[in-house]
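The residues making up each chain are set out below.
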Amino acid sequence: MRTQVGIVGAGPAGLLLSHLLHLQGIESMVLEIRSREYVEGRIRAGVLEQGTVDLLNETGLGERMRREGLSHEGINIRFAGHTHRIDFVDLTGKAVTVYGQHEVVKDLIAARLKAGAQLHFEVDQVGVSDLDTPAPTIRFLDRDGAEHALVCDVIAGCDGFHGVCRPAIPAGRLTMYEREYPLAWLGILAESHPISHELIYVYHERGFALFSMRSPRITRLYLQCAPDEDLALWPDDRIWDELQRRLAGDEETPILQEGPILQKGVTTMRSFVAEPMQFGRLFLAGDAAHIVPPTGAKGLNLAVTDVSVLAQALAAFYASGSFEELDRYSATCLRRVWKAERFSAWMTSTLHRFPGHTPFEQRVQLAELDYLMSSHAAQKSLAENYVGLPLR
Ligand code: FAS
Ligand code: PHB
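Definitions and cut-offs
- Residues numbered from 1 in each chain as written.
- Chains lettered and ligands numbered in written order.
- Predicted model: local features only at pLDDT ≥ 70, side-chain atom pairs only at ≥ 80, totals over all residues.
- Heavy atoms only, no water.
- Salt bridge = Lys/Arg side-chain N within 4 Å of Asp/Glu carboxyl O.
- Helix = DSSP H or I, 4+ residues; strand = E, 2+ residues; numbered from the N terminus.
- Buried < 20%, exposed > 50% of the residue type's maximum accessible area, 1.4 Å probe, protein only.
- Pairing = 2+ DSSP bridges.
- Expected span 1.5 Å × (residues − 1).
- Bend = angle between axes of the 7 residues up to and from the residue.
- 1 Å grid on protein atoms, 1.4 Å probe; cavity = no way out; pocket = protein on both sides within 12 Å on 5 of 7 lines; lining within 4 Å.
- Points joined across faces, edges and corners; volume = space filled by probe spheres on them.
- Nonpolar A, V, L, I, M, F, W, Y, C, P; charged D, E, K, R; others polar.
- Axes fitted to C-alpha atoms, helices over the stretch in contact; angles between N-to-C directions.
- Parallel < 35°, antiparallel > 145°, perpendicular 65-115°, else oblique.
- Left-handed = near helix turned anticlockwise from the far one by under 90°.
- Contact = heavy atoms within 4.5 Å.

Draft legend 1. Summary view of the pattern of salt bridges. This model, assessed by the stated rule, comprises 20 salt bridges. Across the pair E68 and R64 runs a salt bridge, and its minimum N-O distance is 3.1 Å. With E68 and R64 both in helix α4 (residues 63-68), this residue pair falls four residues apart, about one helical turn. Looking at E68, the relative accessible area reads 34%, which means it is partly exposed.

Shown next as structure tokens:
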């Protein structure tokens with residue numbers, strides 16, 4: 001078996017890379033351990049930066065997003081009983097779009113299958129080898145259990161934080177930077193009318209909460225919990241009660257509309273970067289290379305940026321045989337990755353109540369938020385990071 005670019009993982013990074021390569025006439029094969037149904041049903045991110053929206057539109061993937069996505073021109077931050085709006089358009093001229101990651105994945109899979117892509121779900125025992133040779137190889141079992149060896153020119157490790165590609169890089173070749181947070185998010189998807197047409201981030205003495213949405217009838221909500229939170233101890237009425245307490249703000253914002261909870265889960269928090277994002281002919285993209293706490297809504301958008309850089313570098317390689325852009329892939333991505341890591345860590349540290357924080361540290365958090373709301377420069381800084389920093 002042979003292909004030009006072997007892609008491990010059919011999340012947003014792997015699928016979008018395959019699509020972008022296809023547009024350049026470059027062949028790829030995508031190998032995914034989960035089923036199509038599982039991948040399409042995995043509820044995760046919700047906010048697309050302007051750059052992500054533009055790329056999806058420019059590459060023919062934006063039709064349903066334009067129809068069903070929700071354009072948001074700002075966000076709200078609530079603390080000390082008051083709600084403050086940060087106006088992205090006024091501060092940056094840009095907006096963001098709320099459109100679930102699982103919807104993006106559905107659109108990508110549909111586009112790839114329509115184009116006749118080599119997209120294999122439910123593979124097993126995936127392993128990568130010969131990474132520092134001109135014929136890096138992916139070994140796997142197909143869904144019928146047959147063994148295959150896929151010889152590639154290049155392998156893209158798009159297999160997420162728990163994948164096999166990053167660990168395949170020889171010891172000593174990677175430097176890992178990591179911070180684990182003593183907190184997590186309990187997230188729900190609920191059939192209830194959103195109470196606000198924009199997101200509300202809440203700093204509350206009981207803990208962080210976030211109001212988001214997916215459509216005029218579907219609300220997405222998160223509340224801070226412990227990293228080892230037992231979801232079984234959170235029946236629906238307890239979740240709603242805690243969300244009502246944390247989101248109950250000033251008089252002009254109505255209380256949450258409750259409704260059937262369609263999905264619930266706990267997401268732990270970490271900041272992580274593996275440097276460099278490449279070894280030999282293996283290139284890591286998305287969560288395989290870096291993780292951000294979801295507070296800054298960056299994870300999915302970073303994956304998109306990585307693969308747009310990688311696709312461009314691969315196009316240059318196949319057009320001219322030059323490795324120059326491929327050799328710069330990691331450095332190009334990491335400059336933006338680290339700025340997103342900084343922003344996500346700042347949003348997380350500022351908006352969450354940390355166990356063990358002293359009263360002084362809590363007052364500093366409130367002062368940070370008070371300064372943010374009193375400073376145009378501080379709001380502009382938050383806004384330009386939230387809508388997405390320039391690619392280069
Ligand atoms: P993904 O993890 O999405 O995709 C990797 C794919 O590789 C998966 O389909 C996996 O099944 C597959 N895979 C793994 N091992 C494999 C192997 N050995 N062989 C083949 N395939 C393999 N970001 C936000 O911005 N906002 C959020 O609210 C948010 N919530 C999140 C909640 C959770 C539970 C998680 C885990 C992440 C969340 N994120 C959020 C971040 C998330 O959106 C990621 O940034 C995004 O999925 C990154 O996409 P990929 O890099 O494609 O990785
Ligand atoms: C979401 O809608 O899922 C969402 C929005 C903003 C975040 C994280 C998640 O920071």
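There is more to say, and it comes next.
Draft legend 2. The arrangement of the pairing of strand β6 (residues 82-87) in detail. Where strand β5 (residues 74-79) meets β6, six bridges bridge the pair, whose relative direction is antiparallel. If you follow F79 over to β6, its bridge partner there is H82. With antiparallel pairing between neighbouring strands as the criterion, β5 and β6 make up a hairpin whose turn holds two residues, including A80 at a positive phi of roughly 50°.

Draft legend 3. Inspection of helix α10 (residues 329-351) at higher detail. Taking 1.5 Å of rise per residue, 23 residues should cover 33 Å, and α10 covers 33 Å from first to last C-alpha, within 8% of that figure. Where α10 bends most, the angle comes to about 25°, and this point is R335.

Draft legend 4. The arrangement of the sheet that holds strand β1 (residues 5-8) in detail. Taken together, six strands build an open sheet; the order of strands is β8-β2-β1-β12-β19-β18 and the sheet is mixed. Looking at which strands have only one partner, the edges of the open sheet turn out to be β8 (118-120) and β18 (278-279). Pairing of β1 with strand β12 (residues 154-157) involves four bridges; the strand directions are parallel. Residue pairing for β12: V8 is matched across the bridge by G157.

Draft legend 5. Structural view of the layout of surface pockets. Taken as a whole, the second largest pocket encloses approximately 250 Å³ of empty space. Residue lining of the second largest pocket: 17 residues in total, with G51, T52, T305, R336 and L391 positioned closest to the centre. Counting residues per element, the ones that place at least two in the lining of the second largest pocket are α3 (50-58) and α8 (299-320). Broken down by element, the residue count for the lining of the second largest pocket peaks at six residues, all from α3. When the residues that make up the lining of the second largest pocket are grouped by side-chain class, the tally is six nonpolar, six polar and five charged.

Draft legend 6. Geometry of the packing of α10 against helix α12 (residues 376-387). Relative to each other, α10 and α12 sit at 120°, their axes nearing to 10 Å. When the interaxial angle is binned, α10 and α12 end up oblique. Crossing handedness for the pair α10 and α12: left-handed. For the pair formed by α10 and α12, the contact residues are K339, R342, F343, W346 and M347 on the first element and L382, N385 and Y386 on the second. Classifying every residue of the contact of α10 with α12 by side-chain character gives five nonpolar, one polar and two charged.

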